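Single-letter residue listing:
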Amino acid sequence: MRRLVRSALFTAAAVAAASGPVLGQTAATLEQALPEATQALAARESVEAREFMVAAAHPLAVEVGHDILARGGSAADAAVAVQAMLTLVEPQSSGLGGGGFLLYWNAATESLTTFDARERAPAAADEGYWLDAEGEPLSFWDAVVGGRSVGVPGTPKLLEVLHARHGRLPWADLIDPAIAQAEEGFEVSPRLAGAIADAQERGLDTFDATRDYFFDAEGAPLAEGTLLRNPDLARTLRLYADQGAAPFYEGAIARDIVAAVRTDTNPGILELEDLASYEVIERAPVCVEYRAHEVCGMGPPSSGALTVGQILGMLEGFDLREIGPGAEAAHLLLEAGRLAFADRALYMADADFVSMPEGLLDRDYLRDRAALIDPETSMGQAEAGDPPWEDAHLRAPDSERPRRGTTHFVIVDRYGDMVSATTTIESGFGSRVMTGGFLLNNELTDFSFRPEADGQPIANRVEGGKRPRSSMSPTVVLRDGRPAVLVGSPGGAAIIGYTAAAIIAILDWQMDPQAAIDRPNMVTLNGPSIIEDTAEGAELAEALAAMGHEVSLRDLNSGLHVIVVAEDRLISAADIRREGAVRGQ
Ligand code: GLU
């Protein structure tokens, strides 16, 4: 039996070890980069509706989404309104200064598409971007804080493109509620207050605009319940309502962004041209068959659909329904996870820059990979596979850090259109650089800091104009070609584990969505098995340790939001670990 430990320090080391070779990161910096702490666990039940539904990470965002849907708005309309509101009320997680991935189901054409609004590196960035004068990688937080970590934001254009394609209500009507709320103010929630206090020691008070907004006159972090107004954001949103995304990419806001990233320390090199040339890319979803369903998600530059797909593809050969939820299934999930993460580290990155094989979801390949799983004993650390395509071995493995600044929302409208979207500014509060009342992302720290290892290039190294690899896994599960489940979560690389586990609970065990996401989280990044520190989690951990897993019990703060589309109703759930809500009619 391996040791079972419950301590922050061990956990940091565990995560470091989980990443394989830790490239330029110490255990301490990794611990700082772990997902945020869960504030409270309140019992919840799934919510049912007949016509439309929205679930998101803040009640005010859910309310505005619900209002738009009730007025006959489409899922696209509601997504615009929800994201505009989240920029204000959940500023640490996503917003107009960030990016994201959005899956859209168009009921009229019965088709699923994905929008890649991932932030992009400046054209002038090169593989030495995150190396210091000695050629050593910067420490994670030294890289995060300041304009250098800021990639070209994708979210403003994403919402515009989405509305142009699928909107029904006037654009300005979707932004107005957030403008009004920014002017009136909103109450700082317990989670936001905790996040501000927590981020103080990680540079949140470095820059004037950010400090003035998140701290009081004495320099203390804003307390829960404070009424927070954001007139700068109201002005930005008014421009957005009047002129769409253009000001962000070639107008006044673009100039402000370019100026704002030129911070004294860790300055950025974004140019107006980088913003002007940014495009949201529509890409085909990446799907894998699982239990007579198709599980579809976001392909590169996200590793989400490929890695979730590999896990499910490997588990297809195990009778999880018969095995049932419990330690045996947890063992199989984690073993499949370590095999998938080994491939992810070696091969996955922005496919517009590195050759990315279809072979990673090849059935035969996954069957061979699954054969490496011993149903009784953990394999420890997995090696990457050898999928059948040339060029596979020209890469060295990358490292991984779980993060905290992301949000997931799911929407179904009365016309049958649907959205499953994960949006982000990367770490909680992104780069800490604020302009126009919104925070700029630090997405460029999602690149590998080292360009190569052992003389081989790392697929996810920095390159000019490239999009950093993501773990975000907005998912739509199709049954008979139509959506059956919308799901996704924040949580850095752990997103992949959260999403795969939720899909298994819903499809294999037919669990009600709330029960499915209430189960203890578990994830491995191809090292220790990290299990959520709850009574049930601790029991699982004991059993896994007996199967040879090196186990770490810790807080695992997912933010899963789910809608199950049943024949005659919609059933939705919001994660008890965050402050989200669900509303429908
Ligand atoms: N930036 C991360 C990614 O794209 C997400 C961060 C988080 O989920 O907290 O994978």
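Preceding this section is the structure that the text describes.
Structural notes, computed from the coordinates.

Cut-offs used in this document
- Residues numbered from 1 in each chain as written.
- Predicted model: local features only at pLDDT ≥ 70, side-chain atom pairs only at ≥ 80, totals over all residues.
- Heavy atoms only, no water.
- Pairing = 2+ DSSP bridges.
- Helix = DSSP H or I, 4+ residues; strand = E, 2+ residues; numbered from the N terminus.
- Axes fitted to C-alpha atoms, helices over the stretch in contact; angles between N-to-C directions.
- Contact = heavy atoms within 4.5 Å.
- Near = heavy atom within 4 Å.
- Polar contact = N/O pair within 3.5 Å; in protein donor to acceptor, adjacent residues only side chain to side chain.
- Areas by Shrake-Rupley, 256 points an atom, 1.4 Å probe, with all protein chains shown as cover.
- Nonpolar A, V, L, I, M, F, W, Y, C, P; charged D, E, K, R; others polar.

1. Overview of the sheet that holds strand 9 (residues 286-290)
Strands sit in the order 2-23-22-18-17-10-9 across an open sheet of 7 strands; the sheet is antiparallel. Looking at the sheet topology across the chains shown, the edges are occupied by strand 2 (47-49) and strand 9. For this sheet, the mean angle separating the axes of adjacent strands, direction not counted, is 20°. Against the sheet, helix 18 (residues 494-507) contacts strand 9, strand 10 (293-297), strand 17 (475-479), strand 18 (482-488) and strand 22 (561-565), and its axis sits at roughly 140° relative to strand 18.

2. Let's talk about the sheet that holds strand 3 (residues 53-56)
Pairing within the open sheet is antiparallel, and its 7 strands lie in the order 8-5-4-12-11-3-24. For this open sheet the edge positions go to strand 8 (281-283) and strand 24 (581-584), each flanked by a neighbour on one side alone. The sheet shows a mean angle of 15° between the axes of neighbouring strands, direction not considered. The pairing of strand 4 (residues 99-106) with strand 5 (residues 111-117) spans 7 bridges and is antiparallel. Looking at the pairing, Trp105 lines up with Leu112 of strand 5. In this fold helix 4 (residues 75-89) packs onto strand 3, strand 4, strand 11 (405-412) and strand 12 (418-426), with an angle of close to 150° to the strand it touches most, strand 11.

3. Description of the site of the ligand
Around the ligand lies a shell of 15 residues, among which Glu426, Asp446, Ser470, Ser471 and Gly492 are the nearest. Here an oxygen atom of the ligand sits 3.0 Å away from a polar atom, N or O, in the side chain of Arg118. For the ligand, an oxygen atom lies 2.6 Å from a polar atom in the backbone of Gly492. Look at the ligand: alone it shows 300 Å² of surface, and the protein chains cover 98% of it. In terms of residue class, the shell around the ligand is made up of 3 nonpolar, 6 polar and 6 charged.

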